[in-house]
Amino acid sequence: MGLRLFFGIPLPHRQAEIIAAWRDSLTLRGRPVAASNLHLTLAFLGDQPADRLAELSEIASRIEASQFSLTLDRLTISHHGLLALGPASPPSALLDLESQLREGLLACGYPLDTREFWPHVTLARRCLIRPGLSAPSYACQIERFALYQSINDGRGMAYIPLLHWLLGRREED
Ligand code: ATP
Ligand code: MG
């Protein structure tokens, strides 16, 4: 049996709670993503045999990318009601992390989505669309990324971090 896997960045716990509370205050109904599940997807792998975990771990551990500050300040709500918050200007360290990961995965034959990387945190699905919602601005310090298993236990989704990697400290820190 395969595992449904993806690489992503967990939102730091405190910011995740604050963002989820703000999202709840919007009362857009729909299916909210639990605070503990808030993440930014870097690469979606889909179903993979468990014996590829060692190779995935190896790919991730070769990445050399720095910690960065992520400002979430662009709110989008699609016509399907997907509510997402992302950076208006993605930091170069985030783009660097995603492209190193993409290259490593493609070199090992993983079929990745060919669409352009859209860094975002999904806050809720199937929301009621309310035009003119203004975006807040939340700054998070990003120090790690993770390989997640996505599980639907019948009551809802859970994203379980299986492995994680620390990003490098910046020279000015
Ligand atoms: P569900 O699909 O049941 O609504 P979900 O989308 O939360 O739940 P997954 O489909 O397992 O759960 O996705 C896990 C993460 O990967 C989510 O952040 C999702 O947006 C992202 N993702 C899923 N499919 C793709 C894809 N084809 N390309 C890029 N990201 C994807
Ligand atoms: Mg999905």
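How each quantity is defined
- Residues numbered from 1 in each chain as written.
- Chains lettered and ligands numbered in written order.
- Predicted model: local features only at pLDDT ≥ 70, side-chain atom pairs only at ≥ 80, totals over all residues.
- Heavy atoms only, no water.
- Helix = DSSP H or I, 4+ residues; strand = E, 2+ residues; numbered from the N terminus.
- Expected span 1.5 Å × (residues − 1).
- Buried < 20%, exposed > 50% of the residue type's maximum accessible area, 1.4 Å probe, protein only.
- Arc of directions from axis to C-beta.
- Contact = heavy atoms within 4.5 Å.
- Salt bridge = Lys/Arg side-chain N within 4 Å of Asp/Glu carboxyl O.
- Pairing = 2+ DSSP bridges.
- Near = heavy atom within 4 Å.
- Polar contact = N/O pair within 3.5 Å; in protein donor to acceptor, adjacent residues only side chain to side chain.
- Areas by Shrake-Rupley, 256 points an atom, 1.4 Å probe, with all protein chains shown as cover.
- Core = buried A, V, L, I, M, F, W, Y, C linked by side-chain atoms within 4.5 Å.

Peer 1: Is there a simple way to think about helix 1 (residues 13-25) in this case?
Peer 2: In an α-helix, one turn spans 3.6 residues, which is why side chains three or four residues apart end up on the same side. With 13 residues, helix 1 should cover 18 Å at 1.5 Å per step; its first-to-last C-alpha distance of 19 Å lies within 8% of that length. Residues Ala16, Ile19, Ala20, Trp22 and Arg23 constitute the buried set of helix 1. Along the axis of helix 1, the buried residues cluster in a sector spanning 160°; they form a single face. The outward face of helix 1, more than 90 degrees from its buried face, is lined by the exposed residues His13, Arg14 and Ser25. Looking at the packing, one finds that the buried side of helix 1 touches strand 2 (31-32), strand 4 (68-72), strand 5 (74-77), strand 6 (83-86), strand 7 (121-125) and strand 8 (138-142).

Peer 1: Sorry if this is basic, but what is going on with the pattern of salt bridges here?
Peer 2: When their charged atoms lie close together, side chains carrying opposite charge are able to pair. By the definition in use, this model includes six salt bridges. For the salt bridge of Arg62 with Glu58, the shortest nitrogen-to-oxygen distance reads 3.7 Å.

Peer 1: Would you take a moment to explain the pairing of strand 4 for this structure?
Peer 2: Within a regular beta strand, the side chains point alternately toward one face of the sheet and then the other, so they alternate between its two faces. Residue alternation in strand 4 divides its side chains into a buried set, Phe68, Leu70 and Leu72, and an unburied set, Ser69 and Thr71. Across five bridges, strand 4 lies against strand 8 in antiparallel orientation. Its bridge partner being in strand 8, Leu70 is matched across the sheet by Cys140.

Peer 1: Whenever I open this one, the site of ligand 1 confuses me. Can you help?
Peer 2: Lining the immediate environment of ligand 1, one finds Arg4, Phe6, Arg31, His39, Thr41, Phe44, Asp113, Arg115, Arg125, Ser150, Met157 and Tyr159. In this structure, an oxygen atom belonging to ligand 1 sits 2.6 Å away from a side-chain N or O atom of Ser150. With the chains in place, 69% of the 610 Å² that ligand 1 exposes on its own is no longer accessible. Sorting the residues of the shell around ligand 1 by element identifies strand 1 (3-10), strand 3 (39-48) and strand 10 (157-166) as the ones contributing at least two each. Per-element accounting of the shell around ligand 1 gives the leading share, three residues, to strand 3.

Peer 1: Teacher, can you tell me more about the nonpolar core here?
Peer 2: Here is a general trend for soluble globular proteins: nonpolar side chains tend to be buried in one another's company. Within the largest apolar cluster, 48 residues are counted, with the highest numbers of intra-cluster contacts made by Phe7, Leu42, Leu105 and Phe145. The leading source of residues in this core is helix 3 (residues 92-107), at five residues. Apart from the residues lying within four places of it in its own chain, the contact partners of Leu105 are Phe7, Ala43, Leu45, Leu56, Ile59, Tyr110 and Leu112.

Peer 1: Would you explain helix 2 (residues 53-61) in this entry?
Peer 2: Three or more residues of helix 2 are buried, namely Leu56, Ile59 and Ala60. With its buried residues spanning 95° around the axis, helix 2 presents them on a single face. The inward-facing, buried residues of helix 2 abut strand 1, strand 3, helix 3, strand 9 (144-152) and strand 10.

Peer 1: I'm lost on the environment of Ala60 in this one. Help?
Peer 2: For Ala60, the position within the fold is in helix 2. For Ala60, a relative accessible area of 2% gives the class buried.

Peer 1: I tried to follow the environment of Leu42 on my own but got confused; where do I start?
Peer 2: Counting through the fold element by element, Leu42 comes out in strand 3. When its relative accessible area of 5% is taken as the criterion, Leu42 is described as buried. Leu42 sits 20 residues away from Arg62 along the chain, and the two C-alpha atoms are 16 Å apart. Ignoring anything within four residues of it in the chain, the contact list for Leu42 reads Phe7, Gly8, Ile9, Leu94, Leu97, Glu98, Leu101, Phe117 and Phe145.

Peer 1: How should unusual backbone geometry be read in this particular structure?
Peer 2: In most cases, non-glycine residues show a negative phi, while peptide bonds are predominantly trans. One non-glycine residue with positive phi stands out, namely Arg29, at about 55°. Locating Arg29 in the fold gives a position in the loop between helix 1 and strand 2. Residue Arg29 is classed as exposed on the basis of its relative accessible area of 67%.

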